[in-house]
Amino acid sequence: DVLGAGEGERYDELSEMLDGVASLFDGGLPMSGDLLDCIKRHSQPEIGVEVLAIGNDKYNVSGMPSKGTLKNCVRDAMNVMQAFEGLGARCKMLENVVTPQMMKKDVGNWARDRLEGHVDIQIVFIFWAGHAFVLNGETYLLTTHSSGGLKLSEMDPGDDAMLLRTLVNLVRKTNETCHIFVCLDSCRNEAPLKDGATFGCGSSEMGPDVGDMSKVHIIYSTCHGRVASDESPFAVSLLECLKDDGLVRGGFG
């Protein structure tokens, strides 16, 4: 029989779907949930780029102006994700993550689903828009604590925020070969803690966020000791760069 144009497209789509199922079984990967969703999660992105965009607006941190509430971080993360999708990257968005424990779980699940066993992934790009701070030279990412709230004066950085290095390690342990780019649209300044302590290091030098980890690249929106704007010119500039697909289709030496 001769298929019409619409029927031919549906046949091609079905054929690709079945090929995807076969590759999952051949690779020994577990399948769960909706079949189409499972195939999408395990299939390769067009350009070998995986993107995780994290945007946090709904902060509830007493001791910060307006309890830390922001207006544009979720929007900026969404715009960055959509720009990468337009270039053929496979993307995921996390929005208003409440606790570091939730973020560790969400990022870990994403990394296992999208990166583990995928040797063709060349670049992992993580975009963070939200609050962050520096302690002893290392960057910590502050989640929203929108449920229950947090007092800045009582904050324990180890429990109430996620060390940037922890985020990178969650990615690296699932894929040892890809380049990891972490793009931080956040402040890098000091702020008061209990008993007059501060977070931040007195030096103006960049902290050891990467250490000796290879193929890891940190992109900061501002220099150490400075604040970032909620009306982010950095996000605007990044989106302008993403109009050129050479940024993600280029090779690494």
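Every value quoted in this text rests on a predicted model; they were computed, and no experiment measured them.

Here the structure, examined in full by the defined rule, presents four salt bridges. The partner of Asp76 in a salt bridge is Arg75, with the nearest N and O atoms 3.0 Å apart. Arg75 gets classed as partly exposed once you look at its relative accessible area, which sits at 41%. Linking Arg165 and Glu138 is a salt bridge whose minimum nitrogen-to-oxygen distance equals 3.1 Å. Within this pair, whereas Arg165 is found in helix 6 (residues 164–172), its partner Glu138 is found in strand 6 (residues 138–142), the two being separated by 27 residues in sequence. With relative accessibility at 22%, the residue Arg165 sits in the partly exposed group. If you follow the salt bridges from partner to partner, you end up with Glu50, Arg90 and Arg114 in one network.

With that settled, the discussion passes to the sheet that holds strand 1 (residues 49–55). In spatial order, the strands read 3-1-4-9-12; together these five strands make up an open sheet with parallel pairing. This sheet does not close on itself; its edge strands, each paired only once, are strand 3 (90–95) and strand 12 (216–220). Strand-to-strand twist of the sheet, defined as the mean angle between neighbouring strand axes without regard to direction, takes the value 15°. Sheet analysis places strand 1 next to strand 3, joined by six bridges and oriented parallel. Directly across from Ile54, in strand 3, lies its bridge partner Leu94. Here helix 3 (residues 73–86) sits on the sheet in contact with strand 1, strand 3, strand 4 (123–129) and strand 9 (179–185), set at roughly 170° to strand 3.

Interhelical geometry of helix 4 (residues 100–114) versus helix 6 gives an angle of 25° and a closest axis separation of 9 Å. One element, helix 4, and the other, helix 6, form an angle in the roughly parallel class. Helix 6 is crossed by helix 4, and the crossing has right-handed handedness. Facing helix 4, whose interface residues are Lys104, Val107, Trp110 and Ala111, helix 6 presents Leu167, Leu170 and Val171.

Moving on, we get to helix 3. Taking 1.5 Å of rise per residue, the 14 residues of helix 3 would be expected to cover 20 Å, and the 20 Å separating its terminal C-alpha atoms lies within 8% of that figure. The set of residues buried in helix 3 consists of Cys73, Val74, Asp76, Ala77, Val80, Met81, Ala83 and Phe84. Gly88 occupies a position one or two residues after helix 3 and carries a positive phi of about 100°.

Confidence along the protein chain averages 74 in pLDDT terms, with 60% of residues attaining 70 or more. Ignoring residues within four places in sequence, the model shows residues 188–207, a span with pLDDT below 50, making 48 contacts including any to other chains. Here residues 223–230 is modelled with pLDDT under 50, and outside its nearest four sequence neighbours on either side it reaches 24 contacts, counting other chains as well.

Time to look at the sheet that holds strand 6. The antiparallel open sheet is built from three strands, whose spatial order is 5-6-8. Every other strand in the sheet has two partners, leaving strand 5 (132–135) and strand 8 (161–163) as the edge strands with one partner each. Strand-to-strand twist in this sheet, taken as the mean axis angle between neighbours without regard to direction, amounts to 35°. Examined bridge by bridge, strand 5 and strand 6 share four bridges and lie antiparallel to one another. Each residue of the ladder has a partner; that of Ala132, found in strand 6, is Leu141. Each of strand 6 and strand 8 touches helix 6; the most contacted strand, strand 8, lies at about 65° to it.

Let us look at the pairing of strand 9. Counting buried positions along strand 9 gives seven out of seven residues, so the element sits mostly inside the fold. Side chains His179, Phe181, Cys183 and Asp185 project from strand 9 onto one buried face, and the interleaved Ile180, Val182 and Leu184 project onto a second face that is buried too. Relative to strand 9, strand 4 runs parallel, the two being bridged by seven bridges. By the bridge assignment for strand 9, Phe127 is matched with Cys183. Examined bridge by bridge, strand 9 and strand 12 share five bridges and lie parallel to one another. In the sheet register, Val182 faces strand 12, and the bridge partner there is Ile218.

Okay, the environment of Cys183 next. Turning to its location among the elements, Cys183 is positioned in strand 9. Separated by 34 residues in sequence, Cys183 and His217 have C-alpha atoms that sit 8.5 Å apart.

Rules of the game
- Residues numbered from 1 in each chain as written.
- Predicted model: local features only at pLDDT ≥ 70, side-chain atom pairs only at ≥ 80, totals over all residues.
- Heavy atoms only, no water.
- Salt bridge = Lys/Arg side-chain N within 4 Å of Asp/Glu carboxyl O.
- Buried < 20%, exposed > 50% of the residue type's maximum accessible area, 1.4 Å probe, protein only.
- Helix = DSSP H or I, 4+ residues; strand = E, 2+ residues; numbered from the N terminus.
- Pairing = 2+ DSSP bridges.
- Axes fitted to C-alpha atoms, helices over the stretch in contact; angles between N-to-C directions.
- Contact = heavy atoms within 4.5 Å.
- Parallel < 35°, antiparallel > 145°, perpendicular 65-115°, else oblique.
- Left-handed = near helix turned anticlockwise from the far one by under 90°.
- Expected span 1.5 Å × (residues − 1).
- pLDDT = per-residue confidence, 0-100.

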